[in-house]
Amino acid sequence: MNGTLLETRSVSKNFGALQAARDITFTLEKGARHALIGPNGAGKTTFINLMTGVLLPTTGTVLLRGEDITTMEQAARVKRGIARTFQINRLFRGLTVLENVYISVAERVGAATNMVTPAGKRRDVIDEAMHLLETLKLADDAQRTIAGLPYGRQRLVELAIALGLKPEVLLLDEPAAGVPSAESHIILDAIDALPKDIGVLIIDHDMDLVFRFAKRITVLVRGAIFAEGTPREIGSNADVRAVYLGQATTHGA
Amino acid sequence: MSVTPHMPDHPAALALARRHSLRWWESLPWIAALAFFFAYPNHLGFGTELLIMVLFAISLDLALGYAGIITLGHAAFFGAGAYTVGILAHHGIWNEPLTGLALAALVAAAVGFLSGLVLLRTTGLTFLMLTLCTMLMLEEAANLGHHWTGGFDGLPSLNIPPLFGVFEFNPLIPKTQFLYVLGVLFLCFLFVRMLAYSPFGQGLTGIRENTLRMHAVGAPVRTRLVVCYTISAAIAGIAGGIWAQANAYVNLGTLGLDRAATVLIILVLGGFGRLYGAFVGAVAYMVLAHFLSKIYPTAWQLGLGLLLVVIALFARGGMLGIGEVLMQRLRPKIPPKEPASRPSP
Amino acid sequence: MIFTVDNIASMLLGGMAAGMVLFIVSVGLSVTMGLMGFANLAHGAFAMLGGYIVVLVMRHWGVGFALALAISFVLTAAISMVFERLLYSRLYKAGELDQVLFTIGLCFVFIASLTVFVGPENQPLTLPDALRGQLDLGLLQYRTYSIFLIVVGVAIAIGLWFGFERTRFGAQIRAAVDNRRMAESLGINIDRLFAVTFGFGSGMAALGGGLGAEFLGLDPQYALKYLVFFLIVVSVGGLGSIAGVFWASLIIGVLDFVLKKYLPQGGTLFIYALAILLLLWRPQGLFGKPA
């Protein structure tokens, strides 16, 4: 078998006259540490939505380990190992941090359909959720409700929920946006601690983070792939630099 | 199941593990109900009505309070249960109380399942309108089907045989009715409590708090909602069925907008998503209504209106929510416990 | 059941007259629901208030029907704007449940207040002589008032359509319905837009309440009695669409009239069923834009 996990072939998405994704052919390898960058409105989030099934492509196919999942429902893709975080927090705001992660772990291990046993009796689920919170330095906040949590901490819960699904493909939509820079290393550490063979795709505007994290970078501009390569190649690509108006020039040289 | 050795039992984990355990005050509603039975033998009719509204409000709490399904048409299921009992008894098909209730639950569940399957594809205002229209349509159907439903007049003087063949349903001294309803309420409450604290119930709160995220953690959201809606409908059907048995009649009032609004107000007044909101709300509403609505009907309506406005604007947790806030204020502030072994960074 | 030209024409006219009242009352609800996303179940209460103002002003001040309608429009609009600024605006970001509870509560308050201050009984509306009696339409004779309602309704529809499509204010509302954030970033004052639109919508409801009082009756239960019909019209037509409300009102007005005549028993059932099927087929309504 080859090392390809997730693959898109000539995927396009139109919203009326607007082409939010055009002819994107992309692969995410096993063990990839891949970054997706591009100016605002380049269609990065749309592309994640197409891979996770929030949106269906107008044309093209999406494959997971060779299986065509183009029209598969979101939940079914999650069961097959694709997890994501959201650019804008999508948390269970009225629940505690621990309950947030409990929900995700319970879905993965198949406990969530149980109507009879109290949730508290599933110590395996609680302990796994607690363990995740420890690795993300969230244990002290475990009993607080999301609504009362600082934004930066909420971003970590956002990641914790995705990690609770033990994904094979992890799509992170600006995980560090809004996280104080003193804490953003927690996110990178957590990603470093993941099993080596899962594929991670990260979207971020923080070039420090991107260049520290990624082994490979894809640049998306106006819905289409503009360039792809190693951080060194991307960093020294004059066209990419032009797109970013010099923002990335300090890196990769 | 082993606990990882390096991780001491965190207070949050312990709290979640013990969340479902019974607390002393949970016995209070049942003690109060039994005390009422002995203290007010002349008001058992009112007490029975109150207990039935508690049961109905609990069914709504499961859908609205836990899963966040905002419906204006929950009386459709109450009415479905009531008419099931009524029609079967009136036409001499079936009138044994307990199995009658089971049939009421079954019919209401079927109505809930079918309507939920279709309607729960929509959300928000559209869903609100659809539940409302479905209920009103059922009410019209009951109004039109004279032959079966008695039309506008309903089905009077149902013949309900003694419970277990022993305990007579005496309309003048409704002792049997009261205890029968209390028993059924107790069983249904235990069932809903079990659901609420189960992983399934936790998942329902997840749908309520963020439906999009539930999709993203791989939960089949619509299936869950339909299951929840069906169970909720079944319990509402039991409430309606037992109402018909206790009163020995059925009328259009069992599935009208009035009843749907009343149960919604009761639940919101008590506090939804809290299991006991139904009890608190029903007692407050029914007692006030009992005394005020006959003497000062207009003042009652004005007060109720103002109360709803105030709750919507300032007290979304209802009476229990206000109580929780007060408890937190009164309690001396305890600094968060740091495990002694962990050095602060 | 005899289908003669007379018969069909008179049913159409009667249904259209009722439909026009539905339209005038509901159009404000449609725009506010579309614009603000607010489940305003108190809209019928504002229509009721408008009807009361018309009747009371005519009775006690002796003013004419037309002037009474104008006074009712202005007063109701002003009162509703106070409500909007003080109370409604706090719940724009709240969920539907809070909005529903708040506006049901408001309905109760209106009902109770009118019961106390005016009385629980029906308030008859005396039409001016010119609008009473029959009008000779050549083909048939028909109630003058019904013809008047149709003419007024169509005139208002055209006026609203023109105002909505061709004026700056209308363009601002349409922009805000389509994309609130975009409208805000273009420098449209959303607060003011909401308040004025809400006031205008309630004023229209008052107008409808006054115009329809003659055949809908006017008692404190009005606020809830006809609410379901207004809601059905709005959701069938599509939130925020004036053409949608107009056609939905006409269809439902005529259907209701015809069904009441030939199927006095099952008419309403049929309308509910139709509304359900339509909303399942097109959740956004006939003229609404898909979410």
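Residues numbered from 1 in each chain as written. Chains lettered and ligands numbered in written order. Predicted model: local features only at pLDDT ≥ 70, side-chain atom pairs only at ≥ 80, totals over all residues. Heavy atoms only, no water.

Participant: Give me the overall build of chain C: which residues, what numbers.
Facilitator: Broken down by element type, chain C carries 12 helices and 2 strands. When its helices and strands are written in sequence order, chain C yields α-α-α-α-β-β-α-α-α-α-α-α-α-α. Against the globule reference of 19 Å for 291 residues, chain C gives a C-alpha radius of gyration of 19 Å, in line with a compact fold. In terms of overall dimensions, chain C has a C-alpha envelope of 60 × 45 × 35 Å along the principal axes. For chain C, buried positions account for 58% of its 291 residues. Considering only residue pairs separated by 6 or more positions, chain C has 75% of its internal contacts joining residues 24 or more positions apart. Summed over its atoms, the accessible surface of chain C is roughly 12400 Å², and 67% of this surface lies on carbon and sulfur atoms. (Helix = DSSP H or I, 4+ residues; strand = E, 2+ residues; numbered from the N terminus. Rg over C-alpha atoms; globule rule 2.2 N^0.38 Å. Buried < 20%, exposed > 50% of the residue type's maximum accessible area, 1.4 Å probe, protein only. Contact = heavy atoms within 4.5 Å. Areas by Shrake-Rupley, 256 points an atom, 1.4 Å probe, with all protein chains shown as cover.)

Participant: Could you give an account of the interface of chain A and chain B, naming the residues involved and the relevant values?
Facilitator: Tallying the contact residues gives 44 residues for chain A and 42 residues for chain B. Buried surface at the junction of chain A and chain B, summed over both partners, amounts to about 3700 Å²; 63% is from carbon and sulfur atoms. Of all residues in chain A, the largest losses of buried area upon contact with chain B belong to F92, M115 and R123 of chain A, amounting jointly to 16% of the total for that side. Of the charged contacts in the structure, one is a salt bridge between E107 of chain A and R224 of chain B, with a shortest N-O distance of 2.8 Å. Viewed at the interface, chain B and chain A are joined by 12 residue pairs in polar contact (both at pLDDT 80 or more). (Buried area = accessible area lost by both parts, 1.4 Å probe. Salt bridge = Lys/Arg side-chain N within 4 Å of Asp/Glu carboxyl O. Polar contact = N/O pair within 3.5 Å; in protein donor to acceptor, adjacent residues only side chain to side chain.)

Participant: For the sheet that holds strand β5 (residues 67–68) of chain A, give the residues involved together with the corresponding values.
Facilitator: All names here are of chain A. Across the sheet, which stays open at both edges, the 4 strands sit in the order β2-β1-β4-β5 with antiparallel pairing between neighbours. Both edges of this open sheet fall to β2 (18–29) and β5, since each of them pairs with a single strand only. In terms of strand pairing, strand β1 (residues 4–15) meets β2 through 8 bridges, oriented antiparallel. Opposite N14, over in β2, you have Q19 as the bridge partner. Most of the contacts of helix α1 (residues 44–52) go to β1, to which it runs at about 115 degrees, and overall it touches β1, β2 and β4 (59–64). (Pairing = 2+ DSSP bridges. Axes fitted to C-alpha atoms, helices over the stretch in contact; angles between N-to-C directions.)

Participant: Which residues make up the arrangement of the chains, and what values go with them?
Facilitator: If you rank the 2 pairs of chains in contact by how many contacts each has, first place goes to chains A and B. Note that chain A does not reach chain C: the shortest distance linking a C-alpha of one to a C-alpha of the other is 13 Å.

Participant: I'd like a description of unusual backbone geometry, backed by residues and values.
Facilitator: A positive phi angle, near 50 degrees, is found at S10 of chain A, a position not held by glycine. Topologically, S10 of chain A is positioned in strand β1. Residue S10 of chain A is classed as partly exposed on the basis of its relative accessible area of 34%. Positioned with a positive phi, A248 of chain B is a non-glycine residue whose angle comes to about 60 degrees.

Participant: Let's hear about the interface of chain C and chain B: which residues, and what values?
Facilitator: Between chain C and chain B, the contact holds 39 residues from the first and 38 residues from the second. For the pairing of chain C and chain B, the buried interface totals around 3400 Å² over both sides, and the portion due to carbon and sulfur atoms is 84%. The interface formed by chain C and chain B includes 1 salt bridge. In this structure, D98 of chain C engages R316 of chain B in a salt bridge whose closest nitrogen and oxygen atoms are separated by 3.3 Å. Remark: the boundary between chain C and chain B carries 2 residue pairs in polar contact (both at pLDDT 80 or more). When residues of the side of chain C that touches chain B are traced back to their parent elements, those giving at least two are α4 (96–117), α10 (227–237) and α12 (267–281) of chain C. Considering every element that reaches the side of chain C that touches chain B, the biggest residue donor is α4 of chain C, with 16 residues.

Participant: Explain a nonpolar patch on the surface to me, and be specific about the residues and the numbers.
Facilitator: Residues and elements named next belong to chain B. A cluster of nonpolar side chains, contributed by I93, W94, L103, L106 and W148, occupies part of the molecular surface with about 520 Å² of accessible area. Secondary-structure assignment places W94 in the loop between α4 (75–90) and α5 (97–119). Under the relative-accessibility criterion, W94 is labelled partly exposed at 41%. (Patch = residues over 30% accessible without salt bridge, like charges linked within 9 Å, V, L, I, M, F, W, Y side chains within 5 Å.)

Participant: So what's going on with the side chain of E7 of chain A? Residues and values would help.
Facilitator: Residues and elements named next belong to chain A. One can find E7 in strand β1. Classification of E7 by relative accessible area gives buried; the value is 17%. One polar contact links E7 to R9, side chain to side chain, over a distance of 3.1 Å. When near neighbours in sequence (up to four residues on either side) are disregarded, E7 contacts F26, T27, T61, V62 and L63.

Participant: For the pattern of salt bridges, give the residues involved together with the corresponding values.
Facilitator: Working definition: two side chains of opposite charge can pair if their charged atoms are close together. Considering all chains together, one arrives at 24 salt bridges over all chains under this definition. Among the salt bridges present, the one from R144 of chain A reaches D141 of chain A, with a minimum N-O distance of 3.2 Å. By relative accessible area, R144 of chain A is classed as partly exposed at 37%. Under the relative-accessibility criterion, D141 of chain A is labelled buried at 7%. One salt bridge connects E26 of chain B with R193 of chain B, and the closest N-O pair in it is separated by 2.9 Å. Here the residue E26 of chain B occupies a position in the loop between α1 (11–17) and α2 (28–39), and R193 of chain B occupies one in helix α8 (residues 175–197), the gap between them amounting to 167 residues. Judged by its relative accessible area of 4%, E26 of chain B falls in the buried class. Residues joined by salt bridges that share partners form a network here, namely D141, R144, R153 and E183 of chain A.

Participant: For the sheet that holds strand β8 (residues 199–203) of chain A, give the residues involved together with the corresponding values.
Facilitator: Residue and element names in this part refer to chain A. Ordered by their spatial adjacency, 6 strands build an open sheet running β6-β7-β8-β3-β9-β10, and the pairing between neighbours is mixed. With partners counted over all chains shown, the strands left at the sheet margins are β6 (82–84) and β10 (224–229), one partner each. Strand-to-strand twist across the sheet, computed as the mean angle between neighbouring axes with direction ignored, equals 20 degrees.

Participant: How would you sum up the packing of aromatic side chains? Please name residues and give values.
Facilitator: Residue and element names in this part refer to chain B. One pass over the structure, following the stated rule, counts 33 aromatic pairs over all chains. Consider the rings of W30 and F186, whose centres lie 4.9 Å apart with planes at 85 degrees: the pair is edge-to-face. In this pair, W30 is assigned in helix α2 and F186 in helix α8, connecting sequence segments 156 residues apart. The class for W30 is buried, based on a relative accessible area of 13%. The class of F186 is partly exposed, set by a relative accessible area of 35%. Geometrically, the ring pair formed by F189 and F279 is edge-to-face, given 5.4 Å between the ring centres and 85 degrees between the ring planes. Placement of F189 in helix α8 and of F279 in helix α13 (residues 277–295) is noted, with a sequence separation of 90 residues between them. Both residues of the pair, F189 and F279, count as buried. (Phe/Tyr/Trp six-rings, centres within 6.5 Å; stacked < 30°, edge-to-face > 60°.)

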